[in-house]
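Chains, contacts and geometry: an overview
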Amino acid sequence: MLSGSDTGIGHALAKHLDSLGFVVFAGVLNKDGPGAEELRRACSQRLSVLQLDITNTTQVQEAYLTVSEKVQNAGLWGVVNNAGILGFPADGELLPMSTYRHCMEVNFFGAVQVCKTFLPLLRKSQGRLVNMSSMAGGIPLPRCAAYGASKAALSMFSGVMRQELSKWGIKVMAIHPSGFRTGIEGTAEQWSKQEKELMENLPAGTRQAYGEEYLLGLRNYLLQLPSYCAPDLSPVLGAVLHALLARRPQGLYTPGKGAYILLCIFCCFPLWFYDFF
């Protein structure tokens, strides 16, 4: 069972697992949207599309009941918490509190709710829990205060659950991908809405301190973001597949260019060096 299958990594992963012969439960934010329709069209009848807004308790419970009915006593082998949002990338001081709350609601609380709901099925099969965190969840990255904090919370949750659930043979893994082109950055309409909210909530003193030129440059940064991201998602798909199938999976995976190197610099070098780098 995986969440966030409408687009990006979740969509590609659902197709990939289906092509390998897995029975896939693909949770989507919109079961009538183009992503869900593409999964129904391109995948086998083994794949089930589930309406799953992970912040909606009722939908999470309904998904659990649907999956339980289909797997019955066999249990569920894997849960991949993939659904997530980026929010508007800007300095932490500039972000409205609503962005912090929304990132935590989806990236952390939603994932925790899915985990807690589906654990009885994983316990039956001694299965796998895979949480899609981010490079920003392991190291501090500028303009990622809200997103990074929510992913850091998910990474710490994964580590604790890895220790606590081992007594039942359940393995828990966190994935920290570097930059991949997944569509998480959203649409131009969403950017405009978030940018408008950000600008309207800025105190005059803060606006003056940053300057109009810097604030206008935030939009350009967001527009250029995809060009810095890798279009090939196969390293992430490979990491998730290893986490699900390997006899001894790693607790942490860092697929993608720079993810492991930056983490090593952050962990092994003085902080002033990391900040300078």
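Being a predicted model, the structure only gives us computed values, none of them experimental. (Residues numbered from 1 in each chain as written. Predicted model: local features only at pLDDT ≥ 70, side-chain atom pairs only at ≥ 80, totals over all residues. Heavy atoms only, no water.)

1. Some remarks on the environment of Gly 10
Tracing the backbone through its elements, the reader meets Gly 10 in helix 1 (residues 8-19). Classification of Gly 10 by relative accessible area gives buried; the value is 0%. A C-alpha to C-alpha distance of 14 Å links Gly 10 and Gly 33, two positions 23 residues apart in sequence. Setting aside its immediate chain neighbours within four residues, Gly 10 contacts Leu 2, Gly 4, Ser 5 and Asn 82. (Helix = DSSP H or I, 4+ residues; strand = E, 2+ residues; numbered from the N terminus. Buried < 20%, exposed > 50% of the residue type's maximum accessible area, 1.4 Å probe, protein only. Contact = heavy atoms within 4.5 Å.)

2. Structural notes on the pairing of strand 1 (residues 25-28)
Judged by which residues are buried, strand 1 turns out to be covered on both faces: Phe 25 and Gly 27 on one side and Ala 26 and Val 28 on the other are all buried. When strand 1 meets strand 2 (residues 48-51), the two strands line up parallel, connected through four bridges. What sits directly across from Phe 25, in strand 2, is Ser 48. Between the parallel elements strand 1 and strand 2, the chain passes through helix 2 (residues 34-42) in a crossover that is right-handed. (Pairing = 2+ DSSP bridges. Right-handed = clockwise from strand over helix to strand, strands pointing away.)

3. Some remarks on the UniProt feature "transmembrane region" (unreviewed entry) in the chain
When the UniProt feature table is mapped to this numbering, "transmembrane region" (unreviewed entry) covers residues 258-274. From the first C-alpha to the last, residues 258-274 spans 13 Å; its make-up is 82% helix and 0% strand. (UniProt positions renumbered as here; feature names shortened; annotations may be inferred.)

4. Remarks on the domain arrangement of the chain
Splitting the chain by domain gives domain 1 (2-185 + 230-274) and domain 2 (186-228). Between the C-alpha centres of domain 1 and domain 2 there is a distance of 27 Å. Contact with domain 1, which involves 17 residues of that partner, is made by 20 residues of domain 2. For the pair domain 1 and domain 2, the summed buried area comes to about 1700 Å², and 61% of that belongs to carbon and sulfur atoms. Linking domain 1 with domain 2 are zero salt bridges. At the junction of domain 1 with domain 2, the criterion picks out five residue pairs in polar contact (both at pLDDT 80 or more). (Domains from an automatic or database assignment. Buried area = accessible area lost by both parts, 1.4 Å probe. Salt bridge = Lys/Arg side-chain N within 4 Å of Asp/Glu carboxyl O. Polar contact = N/O pair within 3.5 Å; in protein donor to acceptor, adjacent residues only side chain to side chain.)

5. Re empty space enclosed by the protein
Under the criterion given, the structure shown has two cavities of 30 Å³ or more. Looking at the largest cavity, its volume works out to about 50 Å³. Taken together, Leu 86, Gly 87, Phe 88, Pro 89, Leu 95, Thr 99, Arg 143, Cys 144, Ala 145, Ala 146 and Tyr 147 make up the full set of residues lining the largest cavity. Across the lining of the largest cavity, the residue classes tally to eight nonpolar, two polar and one charged. Considered as a void within the structure, the second largest cavity measures approximately 30 Å³ in volume. Every residue along the wall of the second largest cavity is listed here: Met 135, Gly 138, Ile 139, His 176, Ala 259 and Leu 263. (1 Å grid on protein atoms, 1.4 Å probe; cavity = no way out; pocket = protein on both sides within 12 Å on 5 of 7 lines; lining within 4 Å. Points joined across faces, edges and corners; volume = space filled by probe spheres on them. Nonpolar A, V, L, I, M, F, W, Y, C, P; charged D, E, K, R; others polar.)

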